[in-house]
Amino acid sequence: MATIQDRVPVSQIKRIAVLTGGGDCPGLNAVIRAVVKDAINCGIEVYGIEDGFLGLIEDRIRLLSLDDVSNILTMGGTILGSNNKSNPQKYPVGKNEDGTPKFKDLTEVCVTHLEIRKIEALVVIGGDGTMSAAKPIADLGINCIGVPKTIDNDLYGTDITFGFQTAVSVATEALDRVHPTAASHHRVMVVELMGRNAGWLTLHAGLASGSDVILIPEIEFDLEKVCEYCLWRSQRGKRFTIIAVAEGAKMSDGKQIVERTDPTSPDPIRLGGIARWLSEQIEEKTEIESRYVVLGHTQRGGTPVAGDRVLATQFGHHAMQLLKMGKTNRLVVMQGGHLGDVEIASAADKQRLVPKNHPLVATAKSVYTCFGD
Ligand code: F6P
């Protein structure tokens, strides 16, 4: 394997690869398109790696052309495929004698697959897990440039990730849609949103839809207070209460509802089920009829909104600028409305959560929104 010193200076890069890692989100294709078009425009060859790091481990890598990225700006998903279970450093390879999953470090295999094709740099489009998976590859001398995606908007170092604005728009529309049906039936309607341990998506969609209750992981909620609030609204003659609850919302004792665990995944906990639990509890304690809706992966699908298309294209262009300037191992970020970049490792395995005193929380509280605290 070549050492870092053996490699050509990154500013003279002739061949790069791109992959999309982790859960998909709207705007991935817009980044791929921006990277491929910009690169080809500058005489740089671009290889696409299929299914995230899994394709790199399995050597599923193909040359991309302008035709491959034609007409994909508005497409949801990713033309390359993605995978949220394959960190090369901790790749599951069966079970140990005690039944626990067995892992192998395949970082060198990944680097070899890149070296065979003389690929000098890798654009990794992903969230915190993808950035952490890129670090050991960068440590072995492949220049890794990160582009931040996730509907959760929880990547450390950037104010915004692409995919988030689309998810907010989808969730807001869903919350708007349950409003009249809840009012027609004098019901409490509990809507569960994604976001893992971050409440950004629920906070923004909750505020945009005028949800009466917003429950996010960062502000633990007291069930009694939520029930009292529903009763208070009903006694005031309000015909409905809309509750936007994040899948990771925590109760006063810090408990979350876990749908299942996947021990082979680097992020084994799959949250889910809080809307059903909450709706049953509210109906039992208040005697107000309640229903629940889980938005799930609808929040990750569909065409990206205009803001995400623009952001994704800007991010892809900035990633190429970094490569052309010879910068190494950077993560493209947006801070205070300005495009910039930070050390890629600084975003690995960290999450940007909603501060309890965030201005949007105060804004929501000023219009009588209940956070259950
Ligand atoms: O990180 C994005 C996300 O959609 C989270 O909001 C959610 O908890 C998780 O991925 C779901 O993962 P999966 O696609 O594996 O069900």
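Please read these numbers as outputs of a predicted model, since none were measured by experiment. (Residues numbered from 1 in each chain as written. Predicted model: local features only at pLDDT ≥ 70, side-chain atom pairs only at ≥ 80, totals over all residues. Heavy atoms only, no water.)

**With respect to the site of the ligand**
Rules: It suffices for a single heavy atom of a residue to lie within 4 Å of a molecule or strand for the residue to be listed as near it. N or O atoms within 3.5 Å of each other form a polar contact, as long as, within protein, one can give a hydrogen and the other can take it, and as long as residues adjacent in sequence are counted only when both atoms are side-chain atoms. The protein chains shown are the only cover counted for residues, whose accessible areas, like all others here, come from Shrake-Rupley with a 1.4 Å probe. For this classification, the nonpolar set comprises Ala, Val, Leu, Ile, Met, Phe, Trp, Tyr, Cys and Pro, the charged set comprises Asp, Glu, Lys and Arg, and every other residue, Gly included, is treated as polar.
Taken together, the neighbourhood of the ligand is formed by Asn84, Ile151, Asp152, Met194, Gly195, Arg196, Glu247, Arg270, His297 and Arg300. Separating an oxygen atom of the ligand from a backbone N or O atom of glycine 195 is a distance of 3.0 Å. In the complex, 83% of the free accessible area of the ligand, which totals 400 Å², lies under the protein chains. Residue composition of the shell around the ligand, grouped by class: two nonpolar, three polar and five charged.

**Considerations on the confidence of the model for the protein chain**
Going by this rule: As a per-residue quantity, pLDDT reports the predictor's confidence and falls between 0 and 100. When checking whether two residues touch, look at their non-hydrogen atoms; a contact exists if any pair is within 4.5 Å.
Scored by pLDDT, the protein chain has a mean of 95; 97% of the residues are at 70 or more. Of the regions scoring below 50 in pLDDT, residues 1-10 engages in 19 contacts with residues more than four places distant in sequence or in other chains.

**What about the environment of glycine 23?**
Our working rule: Only DSSP runs of H or I covering at least 4 residues are called helices, and only runs of E covering at least 2 are called strands; the numbering of each starts at the N terminus. When accessible area is computed with a 1.4 Å probe and restricted to protein chains, residues below 20% of their type maximum are described as buried, those above 50% as exposed, and intermediate ones as partly exposed.
Within the element layout of this structure, glycine 23 appears in the loop between β1 (15-20) and α1 (28-41). Among the residues examined, glycine 23 registers a relative accessible area of 17% and is labelled buried. Sequence spacing of glycine 23 and threonine 130 is 107 residues, and the spatial spacing of their C-alpha atoms is 9.8 Å. With residues up to four places along the chain from it excluded, the contact list for glycine 23 reads Asn84, Lys149 and Arg300.

**Observations regarding the packing of helix α5 (residues 164-184) against helix α6 (residues 200-209)**
Stated formally: Throughout, an axis means a line fitted to C-alpha atoms (over the contacting stretch in the case of helices), and angles, computed between N-to-C directions, take values from 0 to 180 degrees. For classification purposes, angles smaller than 35 degrees are called roughly parallel, those larger than 145 roughly antiparallel, those between 65 and 115 roughly perpendicular, and all remaining angles oblique. Helix crossings are classified by the rotation of the near helix relative to the far one: an anticlockwise turn of less than a right angle makes the crossing left-handed, while a clockwise turn makes it right-handed.
Interhelical geometry of α5 versus α6 gives an angle of 45 degrees and a closest axis separation of 8 Å. With respect to each other, α5 and α6 are oriented oblique. Handedness of the crossing formed by α5 with α6: right-handed. Counting all contacts with α5, which are made through Phe164, Ala167, Val168, Ala171, Thr172, Leu175, Asp176 and His179, the residues of α6 involved are Trp200, Leu201, His204, Ala205, Gly206, Ala208 and Ser209. Class assignment of the residues belonging to the contact of α5 with α6 gives a composition of nine nonpolar, five polar and one charged.

**Digging into unusual backbone geometry**
Phi is positive for aspartate 51, close to 60 degrees, though the residue is something other than glycine. Residue aspartate 51 is classed as partly exposed on the basis of its relative accessible area, which comes to 24%. For tyrosine 368, which is not glycine, the phi dihedral falls at a positive 70 degrees. Here tyrosine 368 shows up in the segment after α10 (359-366). Relative accessible area serves as the criterion here: at 60%, tyrosine 368 is assigned to the exposed category.

**Here's the deal with the nonpolar core**
Rules: For this analysis, a nonpolar core means a set of buried residues of the types Ala, Val, Leu, Ile, Met, Phe, Trp, Tyr and Cys, connected via side-chain atoms within 4.5 Å. Domain delimitation in this document rests on an assignment produced automatically or drawn from a domain database.
Ile16, Ile125, Val147 and Phe162 are the most contacted members of the largest nonpolar core, which totals 63 residues. For this core, the two domains that each supply at least three residues are domain 1 (4-162 + 304-347) and domain 2 (164-300). Counting 30 residues, the second-largest nonpolar core is a separate cluster that includes Leu19, Ile57, Ile119 and Cys144.

**A few points about helix α8 (residues 274-286)**
Inclusion rule: Expected span of a helix, by definition, is 1.5 Å for each gap between consecutive residues, and there is one gap fewer than residues. In this description, one arc is meant: the one made by directions from the helix axis to the C-beta atoms.
When the terminal C-alpha atoms of α8 are compared, their 18 Å separation across 13 residues agrees well with the 18 Å that a helix rising 1.5 Å per residue should span. Turning to α8, its buried residues number three or more, namely Ile274, Ala275, Leu278, Ser279, Gln281, Ile282 and Thr286. One face of α8 carries all of its buried residues, which in axial projection span an arc of 165 degrees. The secondary structure elements touched by the buried residues of α8 are β8 (188-193), β9 (213-215), α7 (223-235), β10 (241-246) and β13 (290-294). Just downstream of α8 lies glutamate 287, where phi reads positive at about 65 degrees.

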